[in-house]
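Chains, contacts and geometry: an overview
So you can see what is in the structure, the chains are spelled out below.
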Amino acid sequence: MRKLGIVLVLILGLIATSCSREEMITPTLEVSMPDLGLANETDWTLANQILGYVNNFRTDMGLEPLIMETTTSTALAVSHSKYMIEQNKISHDNFSERATILGNEGAQAVGENVAFGFNDAEEVVNAWINSPSHRDTLEGNYTHVGIGIQEDKFNGLVKYITFLTTRK
């Protein structure tokens, strides 16, 4: 029975996550920087736990661990998680703007995974690992990550997560 419960959680988790996005950067557009103070609004405990599981996975795959970027990437990730709550849907809307901002700061490539409905770091990372497009982002040639986690306090404390990776 416990195995069935775990399988159902993983299936529901995959349904709760969205496709990943990846983009090579050619910084040219003028876009406005986010309020960098937004980075302070992430759930740092859960973000660091997610990073720990991701880095364990990357190390097992022979990849370098990601470094937490605590300003621009995280502020953009928090902003996008807030946006998803406002829209009441999971999405990659405005990804090009986030990629352009990070490109203007020196990123060569940007990737993004989003998720909602997870309160446990291991569950969300396992869901991403078990989804080919999300796994590609986790295994990508990236060096840094910003993680924005926000709670939708109006709809049952559901957490929205934006995992924004960059290669610098």
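To start, this report covers the structure provided alongside it. (Residues numbered from 1 in each chain as written. Predicted model: local features only at pLDDT ≥ 70, side-chain atom pairs only at ≥ 80, totals over all residues. Heavy atoms only, no water.)

1. Considering the pattern of salt bridges
- Scanning the entire structure with this criterion turns up 6 salt bridges.
- Among the salt bridges present, the one from D43 reaches K159, with a minimum N-O distance of 3.0 Å. A residue pair is termed long-range when its members are at least 10 positions apart, and D43 in the loop between β1 (21–24) and α2 (44–60) and K159 in strand β5 (residues 158–167) qualify at 116 residues.
- Residue K159 is classed as buried on the basis of its relative accessible area of 11%.
- Note that R135 and E139 form a salt bridge whose closest N and O atoms lie 2.8 Å from each other.
- Residue E139 is classed as partly exposed on the basis of its relative accessible area, which comes to 26%.
- One network of salt bridges, with partners in common, ties together D43, E151 and K159. (Salt bridge = Lys/Arg side-chain N within 4 Å of Asp/Glu carboxyl O. Helix = DSSP H or I, 4+ residues; strand = E, 2+ residues; numbered from the N terminus. Buried < 20%, exposed > 50% of the residue type's maximum accessible area, 1.4 Å probe, protein only.)

2. A word on the packing of helix α3 (residues 72–87) against helix α4 (residues 95–104)
- As a packed pair, α3 and α4 sit with axes 11 Å apart at the nearest point and diverge in direction by 170°. With respect to their mutual orientation, α3 and α4 come out roughly antiparallel. Residues T72, S73, L76 and H80 of α3 touch α4, and the partners they reach there are R98, I101 and L102.
- Residue composition of the contact of α3 with α4, grouped by class: 3 nonpolar, 3 polar and 1 charged. (Axes fitted to C-alpha atoms, helices over the stretch in contact; angles between N-to-C directions. Parallel < 35°, antiparallel > 145°, perpendicular 65-115°, else oblique. Contact = heavy atoms within 4.5 Å. Nonpolar A, V, L, I, M, F, W, Y, C, P; charged D, E, K, R; others polar.)

3. Things to note about the packing of aromatic side chains
- A full pass over the atoms with the stated rule returns 2 aromatic pairs.
- Both rings, one in F116 and one in Y160, keep their centres 5.6 Å apart while their planes meet at 20°; by these two values the pair is stacked. Taken as a pair, F116 in strand β3 (residues 109–116) and Y160 in strand β5 lie far apart in primary sequence, 44 residues in all.
- Relative accessible area serves as the criterion here: at 4%, Y160 is assigned to the buried category.
- The interplanar angle of 50° and the centroid separation of 5.2 Å between the aromatic rings of W128 and F163 together place this pair among those described as tilted. Of this pair, W128 sits in helix α5 (residues 121–129) while F163 is found in strand β5, placing the two residues 35 residues apart along the sequence. A single burial state applies to W128 and to F163, both of which are buried. (Phe/Tyr/Trp six-rings, centres within 6.5 Å; stacked < 30°, edge-to-face > 60°.)

Geometric values such as these leave the question of function open.
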